[in-house]
Amino acid sequence: MKARIPGQGGQGNMMKRLQQMQEEMARIQQECEAAEYTASAGGGAVEVTVNGSHQLVSVKLQPDVVDPEDVEMLEDLLVASVNEAMRKADDTMEREMGKVTGGMNLNIPGMGL
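The model shown is predicted, which means the values in this text are computed figures rather than measured ones. (Residues numbered from 1 in each chain as written. Predicted model: local features only at pLDDT ≥ 70, side-chain atom pairs only at ≥ 80, totals over all residues. Heavy atoms only, no water.)

Chemist: Explain the overall build of the chain to me, using residue names and the numbers behind them.
Modeler: The helix and strand inventory of the chain stands at two helices and three strands. Ordered by position from the N terminus, the helices and strands of the chain form the series α-β-β-β-α. Residue burial in the chain is summarised as follows: out of 113 residues, 26% are buried. About 8000 Å² of surface is accessible on the chain, with carbon and sulfur atoms providing 52% of the total. (Helix = DSSP H or I, 4+ residues; strand = E, 2+ residues; numbered from the N terminus. Buried < 20%, exposed > 50% of the residue type's maximum accessible area, 1.4 Å probe, protein only. Areas by Shrake-Rupley, 256 points an atom, 1.4 Å probe, with all protein chains shown as cover.)

Chemist: Describe in detail a nonpolar patch on the surface, supporting the description with residues and values.
Modeler: Judged by side-chain polarity, Leu 56, Val 59, Leu 61 and Val 66 come together as a nonpolar surface patch covering roughly 320 Å² of accessible area. Along the polypeptide, Leu 56 turns up in strand S3 (residues 56-61). You can call Leu 56 partly exposed: its relative accessible area is 48%. (Patch = residues over 30% accessible without salt bridge, like charges linked within 9 Å, V, L, I, M, F, W, Y side chains within 5 Å. Salt bridge = Lys/Arg side-chain N within 4 Å of Asp/Glu carboxyl O.)

Chemist: Would you mind going over the nonpolar core in detail, with residue names and values included?
Modeler: Membership of the largest hydrophobic core comes to 20 residues, with the highest contact counts inside it found for Val 46 and Val 65. Counting residues per element, the ones that place at least two in this core are helix H1 (8-34), strand S1 (36-41), strand S2 (46-51) and helix H2 (71-101). Considering each element in turn, this core owes the most residues, eight residues, to H2. If sequence neighbours within four positions are ignored, Val 46 has contacts with Ala 39, Ser 40, Ala 41, Lys 60, Leu 61, Val 65, Leu 74, Leu 77, Leu 78 and Ser 81. (Core = buried A, V, L, I, M, F, W, Y, C linked by side-chain atoms within 4.5 Å. Contact = heavy atoms within 4.5 Å.)

Here is the structure:
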């Protein structure tokens, strides 16, 4: 009969749960990176869409926002809307990962946590 060391079975279960958590986090990361996040500025005059990998996917401009006399305003609206879309992507990733980790601060390479 083999002597059972206290906690030995629990360690294997813990490793299995950590592996499942890591797999779930990788799945969520892929989903969040593939998703698109849209934000607008200037009352909808400028609308941009980015993906979760922080790549700009599209830009839509209302014709009246394109004023050759006020290029600076258009630039500001573009910056504001791109930054907001990026923030949405980051917030979604953080929220979804938090569901898996239960708020634990895990420093897993490549997961951005």
